[in-house]
Amino acid sequence: MTEPTSPTTTAAAPPHPTPAATGRRRPVAAAFRALVALAALTGIALDTIESDDLGRLFSYFTIQSNILLAIVCAWSAHRAWTARPALPPRITGAALLYISITGLVFHFVLSNDASGFAMTSQRTPLESVANHLLHTVTPLGAALDWLLFTTPGGFLLRQAWQWLAYPLLYLPFALIRGALLAPGTDGRYPYPFLDVDLHGYTGIAMNAVVFGLAFYALALTLTLLDRHRPAPPALRNRISPTAAGRLK
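Cut-offs and rules
Residues numbered from 1 in each chain as written. Predicted model: local features only at pLDDT ≥ 70, side-chain atom pairs only at ≥ 80, totals over all residues. Heavy atoms only, no water. Helix = DSSP H or I, 4+ residues; strand = E, 2+ residues; numbered from the N terminus. Buried < 20%, exposed > 50% of the residue type's maximum accessible area, 1.4 Å probe, protein only. Contact = heavy atoms within 4.5 Å. Areas by Shrake-Rupley, 256 points an atom, 1.4 Å probe, with all protein chains shown as cover. Expected span 1.5 Å × (residues − 1). Arc of directions from axis to C-beta. Axes fitted to C-alpha atoms, helices over the stretch in contact; angles between N-to-C directions. Parallel < 35°, antiparallel > 145°, perpendicular 65-115°, else oblique. Left-handed = near helix turned anticlockwise from the far one by under 90°. Core = buried A, V, L, I, M, F, W, Y, C linked by side-chain atoms within 4.5 Å. Phe/Tyr/Trp six-rings, centres within 6.5 Å; stacked < 30°, edge-to-face > 60°. Salt bridge = Lys/Arg side-chain N within 4 Å of Asp/Glu carboxyl O. Patch = residues over 30% accessible without salt bridge, like charges linked within 9 Å, V, L, I, M, F, W, Y side chains within 5 Å. pLDDT = per-residue confidence, 0-100.

### Brief notes about the overall build of the protein chain
Each helix and strand in the protein chain was counted, giving 9 helices and 0 strands. Its helices and strands in sequence order give the protein chain the pattern α-α-α-α-α-α-α-α-α, from N to C terminus. For the protein chain, the proportion of its 248 residues judged to be buried stands at 40%. Within the protein chain, counting contacts between residues at least 6 apart in sequence, those at least 24 apart form 75% of the total. When the accessible area of the protein chain is evaluated, it comes to approximately 14400 Å², of which 67% is carbon and sulfur surface.

Right, dumping it as C-alpha cells:
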C-alpha cells in the first residue's frame, strides 16, 4: 500500500480591501472640512432662531449656498476620514463657486453703500454672529480647503458655465416667489438688485446680465487658477505620475 498523501493546504487569500481601505486617511483635511460644515450649520441655526419668517430666510441665496457647502464639506470630511476617494471636482467646484458668490456679493455689493444695492438693517447679536459666519467664515474656509487640501487641475473649462445653472435658476425662483407675495410684503424680493418694485423687469434683466457675466468670470477665474496653482504640500507625494503630467 502506498502512503496516503496529506491534503495540500493552501494559504487563505487575503481579503479584498474595502473601499475605506483603498487610500490613505486624511484626518487634518477631515477635521478642517468638518469645522467649515459646522460653521455653516451654526450660522443657519442662529438665523433660524432669530427669524420670524422661515420661508423668507430660506429663500436667500446665502442660506441655500451655505446648506450646499455644509453638505459637501461634511461628505468630503467623511470620505477623507475613511480614506475614500475625494468627491468629484465638479461638485466641490460648484460649492466653492456658490459660496464665493455669497461672500463677494455681500462684501462688495450688499455691504457697500456705493454699489446702489446696499442692505443695511439693525441686527441682534445672534444675527451678527450668523452674518459673519455665513458671509465671511464659510467662504474663506471653502477657499482654504480648496487651496490646502485638494489636488489641483480637477476643474474643467466646460464646468465653468455648467455651474451657472443654479444661479441662473435662482433668478426665476426669486421673481416668481416675489410675484406670489402681496405688494409691500417685507422681504418680498430677497435682494435689492432683484426688486421688481424698484427696478422693473427691464432693470432686473439688466442686473441679471451684469451679475451673470460676473459670476461666469469668477467661475473661469477659479478654473484657470485651479489649473496653474501648485499642489498643496500635504498632497505632493500622493499625486500619481499620470496626474502630475496632466498638471504640467
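### Focus on helix 7 (residues 165-180)
Between its first and last C-alpha atoms helix 7 spans 23 Å; for 16 residues at 1.5 Å apiece the expected length is 22 Å, and the two agree. Among the residues of helix 7, those classed as buried are Pro167, Tyr170, Ala174, Leu175, Arg177 and Gly178. Taken down its axis, helix 7 places every buried residue within 165 degrees of arc, on the same side. Those residues of helix 7 that are exposed and aimed more than 90 degrees away from the buried face are Leu168, Leu169, Ile176 and Leu180. In this structure, the buried side of helix 7 is in contact with helix 2 (54-57), helix 3 (61-81), helix 4 (89-110) and helix 8 (196-228).

### With respect to the packing of helix 4 against helix 8
Two elements in contact, helix 4 and helix 8, have axes separated by 11 Å at closest approach and are oriented at 125 degrees. Compared by their axis directions, helix 4 and helix 8 come out oblique. By crossing handedness, the relation of helix 4 to helix 8 is classed as right-handed. Of the residues in helix 8, those touching helix 4 at Leu96, Leu97, Ser100, Ile101, Leu104, Val105 and Val109 are Phe211, Phe215, Leu218, Ala219 and Leu222.

### Things to note about the nonpolar core
Ranked by size, the top nonpolar core spans 44 residues in total, and within it Leu97, Tyr191 and Phe193 carry the most contacts. For this core, the elements supplying multiple residues, two or more each, are helix 1 (27-50), helix 3, helix 4, helix 5 (125-149), helix 7 and helix 8. Per element, the largest residue contribution to this core is 11 residues, and it comes from helix 4. When near neighbours in sequence (up to four residues on either side) are disregarded, Tyr191 contacts Tyr60, Phe61, Thr62, Leu110, Met119 and Tyr170.

### Notes on the packing of aromatic side chains
Applying the stated criterion across every chain yields a total of 13 aromatic pairs. Pairing Tyr98 with Tyr166 gives two aromatic rings, centres 5.0 Å apart and planes at 75 degrees, and the pair type is edge-to-face. A residue pair is termed long-range when its members are at least 10 positions apart, and Tyr98 in helix 4 and Tyr166 in helix 7 qualify at 68 residues. Given a relative accessible area of 7%, Tyr98 falls into the buried group.

### Focus: the pattern of salt bridges
Evaluated as defined, the whole model comprises 4 salt bridges. A salt bridge links Arg188 to Asp197, with the nearest nitrogen and oxygen atoms 3.1 Å apart. Asp226 is the partner of Arg229 in a salt bridge, and the nearest nitrogen-oxygen pair spans 3.0 Å. We note that Arg229, like Asp226, is buried.

### What to know about a nonpolar patch on the surface
Residues Leu54, Phe58, Ile67 and Ile71 make up a contiguous nonpolar surface patch of roughly 330 Å² in combined accessible area. Note that Leu54 resides in helix 2. Residue classification places Leu54 among the partly exposed residues on the basis of a relative accessible area of 43%.

### What about the environment of Leu156?
Checked against the element boundaries, Leu156 lands in the loop between helix 5 and helix 6 (157-162). Separated by 68 residues in sequence, Leu156 and Leu224 have C-alpha atoms that sit 8.7 Å apart.

### Looking at the confidence of the model for the protein chain
Here the protein chain averages 88 in pLDDT, and 85% of its residues register 70 or above. pLDDT under 50 marks residues 240-248. Its contacts with residues more than four places away, or in other chains, come to 5 contacts.

### Section: unusual backbone geometry
Despite not being glycine, Ala83 shows a phi value in the positive range, around 65 degrees. We classify Ala83 as buried; its relative accessible area is 3%.

### What to know about the environment of Leu235
For Leu235, the location among the structural elements is in the loop between helix 8 and helix 9 (241-247). Along the primary structure Leu235 and Phe149 are separated by 86 residues, whereas in three dimensions their C-alpha atoms are 7.3 Å apart.

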